[in-house]
Amino acid sequence: MHRRTTWVRWVARLAAVAWLSGCSLSGLNFREDTRVDVVAPADRSQVALPLTVEWTVRDFDGSFALFVDRAPQPPGRSVAWLFRNDDGCIEESGCPDAAFLQLRGIYLTDEPRLVIDTIPQLTGDDVRERHEATVILLNEDGERSGESAFSVEFEIEREPR
Amino acid sequence: MPDQLDEIAATRDELRPWARAQLGVTGDAEAATPPLRATMARYGLSWYPIVALGLLAVADTFQVYAFAVLAPEISHTLGVGKGVLAGVLALRTLAIAAAPLPMAALAQRGSRRALLCIVTGVVWSLVAISTGFVVAVWGLVFVLVIDGLTSGSVSALHQPLLVDAHPPEGRMRALSIYQGSEQVGNIVAPLAVAVLVAVLAFTWRGVFVVLGLLSLAAVLAASRLRDPGVGRWDTQRLREALRHHGEVTGPAVESEEVRLSFFEIIRRLLLIPTARRLMFGFAVFGVMLIPLQTFTFFFLDERWNLAPGPRGVFFAYLAVVGIAALALFGRRAEALFRSDPGRPIRLGAACLAASVVLIALAALSPWLWLTVALFGLVSALGVVVGPALTGPLLSVVPPTMRPHASALTGIFIGGVGGLIGALFLSGIDRRFGIGGALVALVVPGIVGALVIASAAFTASSDLDRLIDEILEEEEIRRMGASGTHLPMLACRGIEHSYGPVQVLFGVDLSVDAGEMIALLGVNGAGKSTLLKVMSGVALPSRGTVRFRGADITFLDAERRLRLGITQIPGGRAVFGPLSVVDNLRAYGYTLGRQRRALDDAIDRSFEAFPRLSERRNQPASTLSGGEQQMLALSKALLLRPSLLLIDELSLGLAPLVVDQLLGMVRQLNAEGAAVVLVEQSVSIALDLVERAYFMEKGEIRFEGRGADLLGRDDLLRAVFLDGHQERAPA
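This structure is a prediction, so every number in the text was calculated from the model and none was measured.

Conventions and cut-offs
Going along each chain's sequence as written, the residues are numbered from 1 onward. Written order determines the labels here, with chains lettered from A and ligands numbered from 1. Reporting of local features is limited, given that this is a predicted model, to residues whose pLDDT is at least 70; pairs of side-chain atoms are given and counted only at 80 or more, and all residues count toward the totals for whole chains, interfaces and linings. Note that the domain bounds were set by an automatic or database domain assignment. We call two residues in contact when their backbone-placed C-beta atoms lie within 7 Å. Helix and strand assignments come from DSSP, with helices taken as H or I runs of at least 4 residues and strands as E runs of at least 2, each series counted from the N terminus. In this count, Pro and Cys sit with the nonpolar residues alongside Ala, Val, Leu, Ile, Met, Phe, Trp and Tyr, while Asp, Glu, Lys and Arg are called charged and the others, Gly among them, polar. In short, DSSP must find at least two bridges between two strands for them to pair. Between N-to-C directions, angles span 0 to 180 degrees; the directions come from axes that are lines fitted to C-alpha atoms, helices contributing only their stretch in contact. A helix is expected to reach a length of 1.5 Å times the quantity of its residues less one. With C-beta atoms placed from the backbone, the exposure class of a residue follows from how many other C-beta atoms lie within 10 Å of its own: 20 or more, buried; 12 or fewer, exposed; in between, partly exposed. The arc in question is formed by the directions pointing from the helix axis toward the C-beta atoms.

Novice: For this particular structure, what's the right way to read the domain arrangement of chain B?
Specialist: Bring the parts together and some accessible area is lost; that lost area is often taken as the interface size. Residue and element names in this part refer to chain B. Domain boundaries in chain B define domain 1 (1–26 + 264–307 + 332–486), domain 2 (45–233) and domain 3 (489–574 + 637–727). Its C-alpha centre places domain 1 at a distance of 23 Å from the equivalent point of domain 2. Counting residues at the interface gives 23 residues for domain 1, matched by 27 residues for domain 2. Those elements giving two or more residues to the side of domain 1 that touches domain 2 turn out to be helix H13 (308–339), helix H15 (368–396) and helix H16 (402–440). Among the elements that make up the side of domain 1 that touches domain 2, the one with the highest residue count is H16 (nine residues). In terms of residue class, the side of domain 1 that touches domain 2 is made up of 11 nonpolar, 10 polar and two charged.

Novice: Before we go on, may I ask you to explain the sheet that holds strand E3 (residues 516–521) of chain B in this structure?
Specialist: Pairing between the strands of a sheet comes from backbone hydrogen bonds, and it takes one of two forms, parallel or antiparallel. Residues and elements named next belong to chain B. Taken together, the six strands give an open sheet; going across it, the order is E6-E7-E8-E3-E9-E10, and neighbouring strands pair in mixed fashion. The sheet terminates laterally at strand E6 (565–568) and strand E10 (699–705), the two strands that pair on one side only. The average angle at which neighbouring strand axes cross in this sheet is 15°, direction not considered. Examined bridge by bridge, E3 and strand E9 (residues 691–696) share five bridges and lie parallel to one another. For Ala518, the partnering residue across the bridge sits in E9 and is Ala692. Across the face of the sheet, helix H24 (residues 655–670) comes into contact with E3, strand E7 (643–647) and strand E8 (674–679) while running at roughly 150° to E8.

Novice: Looking at this structure, how should I read helix H21 (residues 595–608) of chain B?
Specialist: Side chains that are three or four residues apart share a direction in an α-helix, a result of its 3.6 residues per turn. Residue and element names in this part refer to chain B. Over its 14 residues, H21 runs 20 Å from end to end, which matches the ideal 20 Å to within 8%, given 1.5 Å per residue. Among the residues of H21, those classed as buried are Ala601, Ile602 and Ser605. Summarising the axial view, the buried residues of H21 lie within an arc of 100°, below the 170-degree limit, and thus occupy one face. Along H21, the residues that are exposed and aim more than 90 degrees away from the buried face are Arg596, Asp600, Asp603 and Glu607. Each element contacted by the buried residues of H21 is listed here: helix H20 (580–587), helix H22 (610–614) and helix H23 (625–639).

Novice: Any chance you could explain the environment of Ser528(B) here in plain terms?
Specialist: Residue and element names in this part refer to chain B. Here Ser528 shows up in helix H18 (residues 527–535). The buried category is assigned to Ser528, around which 23 C-beta atoms lie within 10 Å. Through-space distance from the C-alpha of Ser528 to that of Ile646 is 9.2 Å; in sequence the pair is 118 residues apart.

Novice: Help me out: how do you make sense of the interface of chain B and chain A in this one?
Specialist: Contact residues are listed per partner, giving 25 residues for chain B and 24 residues for chain A. The residue makeup of the side of chain B that touches chain A, split by class, is 13 nonpolar, 10 polar and two charged.

Novice: I would appreciate a short explanation of the sheet that holds strand E2 (residues 501–511) of chain B in the present structure.
Specialist: Residues and elements named next belong to chain B. The four strands lie next to each other as E2-E1-E4-E5, forming an open sheet whose pairing is antiparallel. Edge positions in the open sheet fall to E2 and strand E5 (550–551), since each of these has one partner strand only. By the bridge criterion, seven bridges tie strand E1 (residues 489–498) to E2 in an arrangement that is antiparallel. Looking at the pairing, Ile494 lines up with Val507 of E2.

This is the structure we're talking about:
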């Protein structure tokens, strides 16, 4: 009986540690962040390449990162964190640079406007080519500022192959 | 002894129609079904249990729905890709699939089902709240897995509680209302998410916190839920009615020793034909049900370019149609069940088949309005499949096993069907597109419908089997209380099949304490199989095995060993590579840590069979046939059973050795062990016993005194009698 109680107690402790270490009480957004509003393209609209993504900003004077069809880095991290395990991306060689990032659908900018020339075509002819662009805020160190993210979905019209 | 068994059978046959009516099957489909309100009032029942369980079911949908809708936002916030989220969701699915069985196991230990429902409800509410505070992937994994595990109480316990809280005449409607509450959850959850996000501008974190609080409020509202008692309206009602009829109440024959363990219950459930077929049908149903919603989401998006808002409205519309269909279905299903428990199953199968055809038509429809209309019909037909099958299923399984049956249902739908369905539809989707995937559902849907429909043929007889078990138990309890002598072991109506080949047909056999009987018959008559059914090595597809009045039909062989039943299998039952002494130690395994007792028992065996002592370190495979049988019989000397089952002891042995072995059997019997001796040699058997059974083609053809059997030339062919006639007095 005693052994069982000890066992249960340890499982409860482990569960509590796992629970608490995966959770936090500070720096969380419970209400929508309205500082950024993506104005172009319109949500779920049909667009052509090159595509202009534009947003309005208030109460923020840092820079931005725009991600096409991929999740951004977690709050407090720079975009380099996403490639920390990428053997082909060596920090000493200046990686990740803008070209490296753009190939992977990531764009860094100080302006609330960006022109995207290419977006990889989704596979499958019968699938609507739906893409998603996500804007996040970066602080002066290039790290993600807060956990706000602003997304827009669009569909690309391409010339038939 | 056979008189008592016949008396039990006669009472059972006489009471069965009455008992069926007690369980709601009057056979009259045309009689008016009183409103559920009237039925509740008649029995003085409260609506609280159904409302409480409905609230819990609604609350359970919050976390699932919110996570499905808000997954992209969670991905952006935490910086995790879709692949990681899919992996986390897969873990939760695994937890949901695994959780119902432990819940059933917990419920098996006592009437704590209501408490479990409330506690798990509190936990999943807290988990939903803490989801709003997650900042890392492992936190997400943790909350979702805990949510999945606690959700197990919904699939394992809610419906058994509902069934136990309502009399059979209102059960199908109670289940329909509960199913309706799940539909309400499908309306409330999206509505709540939409309001919280679009109107109140909450992020996904805020949504989870608010939904968690709402869930907690719902659970608190349900916190007065109490367990109505296992089988209150069927087995308990039947037992009480029997006693009310003037039957003498006796002590319960079931004790902890013969109460089925968790895995024995699962195995026993899968031996019920209706349950087995429905489980297979549920798995096929799950192929369709689980991935359907996701695929429909994508279909509406890709084919009709519907945004999340209109998609939410579409699913709310399906839920409303579903609720309307359930309202119409409940009373009709009640009448069908009253007529024959198989009829709701047939209706469920027909609805399933029609649903998949309509889904295919909806996928091919060129107009959105037609797609919407067809999906409405799919919802109306599909939503009734659950209660149409669950009602009869839970009615034909013993009440103590209902949580297990419900858990298995959840596992077969979600764990088996859902997984196969996701793989199947993904494959079809890649090759033929989303529309093709929806059309392809016709194949598993129709197969599932056919399997489910086949369960309709067995439901009625399975209900009778449940009734028979109760009647028999009550009759035995009555006999025990009135001092009527009961046999030590009683097999009643035993049937057994090896795959499709049935080898035992309604076999009745009884053995009294201290008695030695012979079980005779030609090769392939079913003697050894019957012996295996007695010892638990084989389980019957029908019939009961009772030991000292207690039902041990589905008890594991090792547990029967502890009750005092030991079998010596035919054909040199020794471990060849082990030495003689190690064989004996292996036999004595059940003596546990009583090493001294085992050593004493081994010494006794060596005293009884000195030749074994001489060969104690020799591998058993090097012993002669007679010595191997001595070693096998030593098992009985070690374990000192109260019932010894011996299969073909004399086969192929020299008369001198046979005499020595039989002497030992006589001694064991004289010391108090009852013995069932399976023999092909009539002469040997009838020298030993007073009473004998003769089997032919899986049936008992003779039961009576050995001397009387000798007069049955029609049974005993010359080949059997040769030896005996030579030895029998003129």
